[in-house]
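Okay, here's what each chain looks like letter by letter:
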Amino acid sequence: MDAKETKERMKLPRQPMGEQPAKERVKNFYEVPLGYTPEQAMAEAKRCIQCKKPLCVGGCPVGIDIPWFIKLIEEGKFVEAARKLKETNGLPAVCGRVCPQEDQCEKVCIVGKKYEPVSIGRLEKFAADFEREHGEVMIPNLPKWTGKKVAIVGGGPAGLAVAGDMVKLGHKVTIFEALHVAGGVLVYGIPEFRLPKKIVEAELDYLVKLGVEIELNAVIGKTDTVDELFEQGFDAVFVGSGAGLPNFMGIPGENLVGVYSANEYLTRVNLMKAYQFPEYDTPVIRGRHVAVIGAGNTAMDAARTALRLCPEEVSIIYRRSREEMPARLEEIHHGEEEGINFRLLTFPKRFIGDHEGRLIAAECVKMELGEPDDSGRRRPVEVEGSEFTIDLDVAIISIGNGANPLIQQSTPDMNTNKWGNITVDTETGRTSKKGVFSGGDIVRGGATVILAMGDGRRAAASMHEYLSTGEW
Amino acid sequence: MYEITEKIELSHSVYIFKVKAEKIAKKRKAGQFIIFRMNEQGERIPLTIMDSSNEDGTISVLVQEVGKSTGLLCGMEVGDHIADVVGPLGQPTHIEKFGTVVCVGGGIGTAPVLPIAKSMKEAGNKVISIIGARTKELVILEKEMEEASTELHVTTDDGTYGHHGFVTTILQKLIDDGVEIGCVVGIGPVPMMRAVAEVTRPYKIFTQVSLNPIMVDGTGMCGACRVTIGGENRFVCVDGPEFDGHEVDFAELTLRNRSYLKEEKIAMEELTYHEGPRCYEKGDSDGR
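Residues numbered from 1 in each chain as written. Chains lettered and ligands numbered in written order. Predicted model: local features only at pLDDT ≥ 70, side-chain atom pairs only at ≥ 80, totals over all residues. Heavy atoms only, no water.

Novice: Talk me through the overall build of chain B; I want residue IDs and the actual numbers.
Specialist: Scanning chain B from terminus to terminus reveals nine helices and 16 strands. Taking the principal axes of the C-alpha coordinates as reference, chain B spans close to 55 × 40 × 40 Å. Counting only residues that meet the buried cut, chain B has 58% of its 288 residues in that class. Restricting the contact set of chain B to residue pairs at least 6 apart, pairs at least 24 apart contribute 66%. If you sum the accessible surface of chain B, you get close to 11600 Å²; carbon and sulfur atoms cover 49% of it. Between the centroid of the 31 positive side chains of chain B and the centroid of its 43 negative side chains there is a distance of 3 Å. (Helix = DSSP H or I, 4+ residues; strand = E, 2+ residues; numbered from the N terminus. Buried < 20%, exposed > 50% of the residue type's maximum accessible area, 1.4 Å probe, protein only. Contact = heavy atoms within 4.5 Å. Areas by Shrake-Rupley, 256 points an atom, 1.4 Å probe, with all protein chains shown as cover. Lys, Arg positive; Asp, Glu negative; His and termini not counted. Charge placed at Lys NZ, Arg CZ, Asp CG, Glu CD.)

Structural data, given as structure tokens:
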């Protein structure tokens with residue numbers, strides 16, 4: 001590509017993504033972005049200048065060959081583009097939707113230095129959707145069985161990444177999933193309107209077609225222990241058991257009826273389909289005045305889910321200011337469009353209940369930002385005498401998770417840190433216990449789908465090496 | 001899918017089901033529970049494991065029809081299948097040689113008490129059991145409890161069988177008679193467990209109660225089952241289900257267990273509409 005063409009390409013406008021209008025979408029659980037048409041995708045792909053040393057690849061936690069797959073889209077070879085993606089990323093339809101691209105590949109895109117970056121995430125979603133919707137999903141030829149068996153604890157993003165890589169390397173793979181359906185946070189946490197569950201099902205179906213076995217209702221640490229998996233003939237184990245028990249604030253009234261953790265609220269609505277109650281049996285309190293405490297991606301998911309259950313008001317209560325909100329900009333933007341009320345520099349001091357122990361209000365206090373704390377962010381300080389009360393019948397606490405204790409309790413010879421998260425060598429995912437690897441939230445304590453998948457891919461490479469050489 | 005291999009009617013709307021679940025049967029210890037889900041639309045409901053058999057790989061659970069999910073389960077017959085059964089969950093009961101252990105079962109809470117009484121006796125304890133019910137026909141598992149215990153007392157609230165009165169009356173009498181009690185295990189409706197804990201509190205007798213809050217995943221992820229124990233938040237699914245009865249905030253547990261009364265009614269109306277009228281008493285899934 002000569003300099004002139006590069007220049008011209010950089011000037012091409014970024015293709016906008018169609019969306020369901022905010023007023024419409026808050027009444028349903030359908031996906032918000034509509035996706036590119038083939039013409040739009042090819043036009044957007046044309047904006048990529050095919051850098052000789054592409055920075056975007058380095059910005060991707062799993063190192064997708066981004067210019068290559070975009071080139072294929074530009075040429076109209078959509079199925080080939082999807083297959084290129086799948087060489088490095090087992091779940092492109094998922095990652096195209098939920099990755100924070102603005103902090104990864106798109107952040108370092110050269111076009112973005114002067115203009116808007118290439119929409120890498122939207123192109124990834126387009127290619128993966130095209131392949132799936134056109135029935136073009138291809139099952140690659142797999143190598144002969146190596147004679148090795150691999151157990152994966154937890155069917156979430158980390159475990160699925162390990163499963164995809166290991167089965168393609170010729171190992172027998174079994175996923176042990178505690179819930180009645182695999183997918184982890186992709187099915188219990190991320191809402192339908194951000195990640196339709198049929199996409200997760202298709203990805204799981206693909207793994208099963210590759211020969212991965214999925215054992216549901218299997219809680220490792222209870223139904224079987226890690227040591228018992230070895231006794232049963234598994235040669236290596238990957239622990240990707242995910243997020244653990246939710247954190248609470250420790251303020252009065254937190255156990256009133258109507259106060260949920262984000263985990264519980266999202267699990268009820270997404271996994272158990274409480275939004276379809278009573279067709280589905282699991283209920284959720286819908287509430288008239290709903291507030292989510294916290295401002296991360298999970299908080300945004302919870303708030304936008306609550307909006308779709310038809311309350312009068314949904315607010316986000318956050319003790320710092322807009323700049324410090326950890327959620328993706330796109331999610332905050334979507335939430336604003338949909339009508340979430342952001343109560344910033346505000347914090348609840350206590351929840352107030354009625355005589356039946358049901359939440360009716362929260363006493364909040366105004367905050368101001370003081371000196372920077374250890375995290376470099378300005379520390380929020382209470383403004384004295386600024387207490388005020390808001391009506392509230394549902395509060396959703398979204399301030400992070402602790403570690404799930406089940407595996408550690410039953411595997412005492414595997415090291416964990418003081419918070420109960422499993423300690424690993426970050427390059428290889430190897431734990432202190434021979435043959436056991438780990439990654440995702442049980443190691444990180446709360447991160448993203450793509451980081452968990454990156455952990456899984458590194459662990460899989462190291463696991464393959466271990467199974468081939470026997471060296472630990 | 002998990003096959004039902006046996007169904008025994010104990011009393012009105014109370015059944016014991018044997019369900020094929022080999023791994024759980026092999027693993028489970030007294031005090032642990034399972035979560036079941038009837039079908040694709042079903043809720044996840046916890047139930048205490050009552051017994052198990054390694055020979056045929058089954059677990060036994062006792063169920064009382066109290067809502068839609070338990071109603072559907074109680075409508076199942078031998079050879080039918082339950083979509084999901086997961087376990088064994090929770091921590092096993094703290095079993096050791098205490099000397100004399102008093103096992104108290106209220107209503108169908110007698111079912112989860114049975115394996116504990118057995119284990120306590122196997123551990124070399126003298127086991128005095130007290131089982132109580134509202135009326136004679138609701139007394140369950142008397143023969144089994146008799147076998148599992150050194151001594152058995154039966155009470156009914158209306159005096160139609162055994163001792164006329166509450167389980168706590170007998171417990172208080174044992175204490176007054178100078179029986180050296182090393183540990184009390186009390187399982188039943190929340191008010192009964194609370195009353196048992198209040199009887200033993202002045203004497204500082206170690207009292208274990210088994211809590212049955214609302215759960216969703218049951219594996220330490222969602223936090224629905226949190227209860228205040230000794231002023232701190234604890235999670236029944238991974239820290240329990242048994243706790244020191246003197247530390248439990250029973251009032252909070254009672255209110256939290258009523259979270260979805262309105263929704264349960266709606267669900268039942270749906271069921272009634274589809275399947276004809278049924279009669280239910282309100283309570284939670286273990287009938288407590």
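Novice: Would you mind going over the environment of Ile 214 of chain B in detail, with residue names and values included?
Specialist: Tracing the sequence through the fold places Ile 214 of chain B in the loop between β13 (207-210) and β14 (226-229). Since its relative accessible area comes to 23%, Ile 214 of chain B is described here as partly exposed. Taking the C-alpha atoms as reference points, Ile 214 of chain B and Arg 37 of chain B, 177 residues apart in sequence, are found 14 Å from one another. Contact partners of Ile 214 of chain B, with chain neighbours within four places excluded, come to Arg 268 of chain A together with Ala 224, Cys 225, Arg 256, Asn 257, Ser 259 and Tyr 260 of chain B.

Novice: Pulling in residues and values, what's your account of the domain arrangement of chain A?
Specialist: All names here are of chain A. Under the domain assignment, chain A is made up of domain 1 (3-133), domain 2 (149-244 + 402-469) and domain 3 (248-399). Domain 2 and domain 3 are separated by 30 Å when their C-alpha centres are compared. Buried surface at the junction of domain 2 and domain 3, summed over both partners, amounts to about 1100 Å²; 57% is from carbon and sulfur atoms. Three residues stand out in domain 2 for area buried against domain 3, namely Tyr 188, Phe 193 and Arg 194, and they jointly supply 50% of the buried area on that side. Counting across the domain 2 and domain 3 interface gives two salt bridges. A salt bridge links Glu 331 to Arg 194; its shortest N-O distance comes to 3.6 Å. Run the count over domain 2 and domain 3 and you get four residue pairs in polar contact (both at pLDDT 80 or more). (Domains from an automatic or database assignment. Buried area = accessible area lost by both parts, 1.4 Å probe. Salt bridge = Lys/Arg side-chain N within 4 Å of Asp/Glu carboxyl O. Polar contact = N/O pair within 3.5 Å; in protein donor to acceptor, adjacent residues only side chain to side chain.)

Novice: I'd like a description of the sheet that holds strand β16 (residues 436-438) of chain A, backed by residues and values.
Specialist: Residues and elements named next belong to chain A. Strand order across the open sheet formed by five strands is β3-β2-β1-β4-β16, with parallel pairing between neighbours. With partners counted over all chains shown, the strands left at the sheet margins are β3 (213-215) and β16, one partner each. The sheet shows a mean angle of 20 degrees between the axes of neighbouring strands, taken without regard to direction. Judged from the three bridges that link them, strand β2 (residues 172-176) and β3 form a sheet pairing that is parallel. Following the sheet pairing, Phe 176 is matched in β3 by Glu 215. (Pairing = 2+ DSSP bridges. Axes fitted to C-alpha atoms, helices over the stretch in contact; angles between N-to-C directions.)

Novice: Before we move on, can you summarise the packing of aromatic side chains with the specific residues and values?
Specialist: Scanning the model with the defined rule gives 13 aromatic pairs over all chains in all. Pairwise contacts between aromatic rings join Phe 29, Phe 193 and Tyr 275 of chain A into one cluster. Here the guanidinium or amino end of Lys 172 of chain A rests over the ring plane of Trp 145 of chain A, the centre of that ring lying 3.9 Å away. Positioned above the aromatic ring of Tyr 15 of chain B is the side chain of Lys 7 of chain B, whose terminal nitrogen or guanidinium carbon lies 4.6 Å from the ring centre. (Phe/Tyr/Trp six-rings, centres within 6.5 Å; stacked < 30°, edge-to-face > 60°. Lys NZ or Arg CZ within 6 Å of the ring centre and 35° of its normal.)

Novice: Summarise the state of the cysteines; cite the residues concerned and give the values.
Specialist: Residues and elements named next belong to chain A. Scanning the model with the defined rule gives zero disulfides over all chains in all. Cysteine Cys 56 is unpaired, with the sulfur of Cys 48 as its nearest cysteine sulfur at 6.5 Å. Cys 56 gets classed as buried once you look at its relative accessible area, which sits at 10%. (Disulfide = S-S within 2.5 Å.)

Novice: Describe the side chain of Ser 315 of chain A, naming the residues involved and giving the relevant values.
Specialist: The residue Ser 315 of chain A is located in strand β8 (residues 313-317) in this model. Taking relative accessible area as the criterion, Ser 315 of chain A reaches 1% and is therefore assigned buried.

Novice: Tell me what's going on with the interface of chain A and chain B, and back it up with residues and numbers.
Specialist: How big an interface is tends to be reported as the loss of accessible area on association of its parts. On the chain B side, the residues contacting the 48 residues of chain A number 46 residues. Together chain A and chain B conceal approximately 3900 Å² of surface at their shared face, both sides included; 54% is due to carbon and sulfur atoms. Among the residues chain A hides against chain B, the three largest losses belong to Lys 222, Asn 255 and Asp 281 of chain A. Together they make up 19% of the total. The interface formed by chain A and chain B holds four salt bridges in total. One salt bridge connects Lys 23 of chain B with Asp 224 of chain A, and the closest N-O pair in it is separated by 2.6 Å. Inspection of the chain A/chain B interface yields 27 residue pairs in polar contact (both at pLDDT 80 or more).

Novice: So what about the packing of helix α10 (residues 157-168) of chain A against helix α12 (residues 197-209) of chain A? Which residues, and what values?
Specialist: Residues and elements named next belong to chain A. Where α10 contacts α12, the axes come no closer than 10 Å and their chain directions differ by 30 degrees. Classified by the interaxial angle, the pair formed by α10 and α12 is roughly parallel. α10 and α12 meet at a crossing whose hand is left-handed. Contacts between α10 and α12 involve Leu 160, Ala 163, Gly 164 and Lys 168 on the former and, on the latter, Leu 204, Tyr 206 and Leu 207. (Parallel < 35°, antiparallel > 145°, perpendicular 65-115°, else oblique. Left-handed = near helix turned anticlockwise from the far one by under 90°.)

Novice: Could you give an account of the pairing of strand β15 (residues 232-235) of chain B, naming the residues involved and the relevant values?
Specialist: Along any regular strand the residues' side chains alternate between the sheet's two faces. All names here are of chain B. As paired strands, β14 and β15 are joined by four bridges and run antiparallel to one another. Following the sheet pairing, Val 227 is matched in β15 by Arg 234. Count of turn residues in the β14/β15 antiparallel hairpin: two residues, of which Gly 230 carries a positive phi of about 55 degrees.

Novice: Please give an account of the sheet that holds strand β9 (residues 341-343) of chain A that cites residues and values.
Specialist: Residue and element names in this part refer to chain A. Spatially, five strands are ordered β6-β14-β7-β8-β9 in an open sheet, and the strand pairing comes out parallel. Since the sheet does not close on itself, it has two edges, and those belong to β6 (259-261) and β9, each with one partner. Sheet twist, expressed as the average angle between the axes of neighbouring strands with direction ignored, equals 25 degrees. Pairing geometry for β8 and β9, over three bridges, is parallel. Each bridged residue has a counterpart across the sheet, and for Ile 316 the counterpart in β9 is Phe 342. Taken strand by strand, helix α14 (residues 262-271) contacts β6 and β14 (394-397), and its axis lies near 85 degrees from that of β6.

Novice: How would you sum up α14 of chain A? Please name residues and give values.
Specialist: Residues and elements named next belong to chain A. α14 sits mainly inside the fold: 10 of its 10 residues count as buried. The set of residues buried in α14 consists of Ala 262, Asn 263, Glu 264, Tyr 265, Leu 266, Thr 267, Arg 268, Val 269, Asn 270 and Leu 271. Looking one or two residues beyond α14, the residue adopting positive phi is Lys 273, at roughly 60 degrees.

Novice: Report on the packing of helix α15 (residues 297-307) of chain A against helix α16 (residues 329-338) of chain A, specifying residues and quantitative values.
Specialist: All names here are of chain A. Taken N-terminus to C-terminus, the directions of α15 and α16 make an angle of 25 degrees; their axes are 10 Å apart at the nearest point. Relative to α16, the element α15 lies roughly parallel. Considering only the axes of α15 and α16, their crossing is left-handed. Every residue of α16 that contacts α15 at Asn 297, Met 300, Arg 304 and Leu 307 is listed here: Glu 331, Ile 332, His 334, Gly 335 and Glu 338.

Novice: Just give me the short version of the nonpolar core, but keep the residues and values in it.
Specialist: Core analysis: the biggest nonpolar cluster contains 81 residues, and Ile 66, Phe 69, Ile 70, Ile 73, Leu 123 and Leu 186 of chain A have the highest contact counts within it. For this core, the element with the most residues is helix α19 (residues 449-469) of chain A, which contributes nine residues. Residue assignment places this core across two domains, with domain 1 (3-133) and domain 2 (149-244 + 402-469) of chain A each supplying three or more. Leave out the neighbours within four places in its chain, and Ile 66 of chain A touches Cys 56, Val 57, Cys 60, Cys 105 and Ile 120 of chain A. Formed by 41 residues, the second largest nonpolar core is a distinct cluster that contains Leu 256 and Ile 317 of chain A together with Met 215 and Leu 253 of chain B. (Core = buried A, V, L, I, M, F, W, Y, C linked by side-chain atoms within 4.5 Å.)

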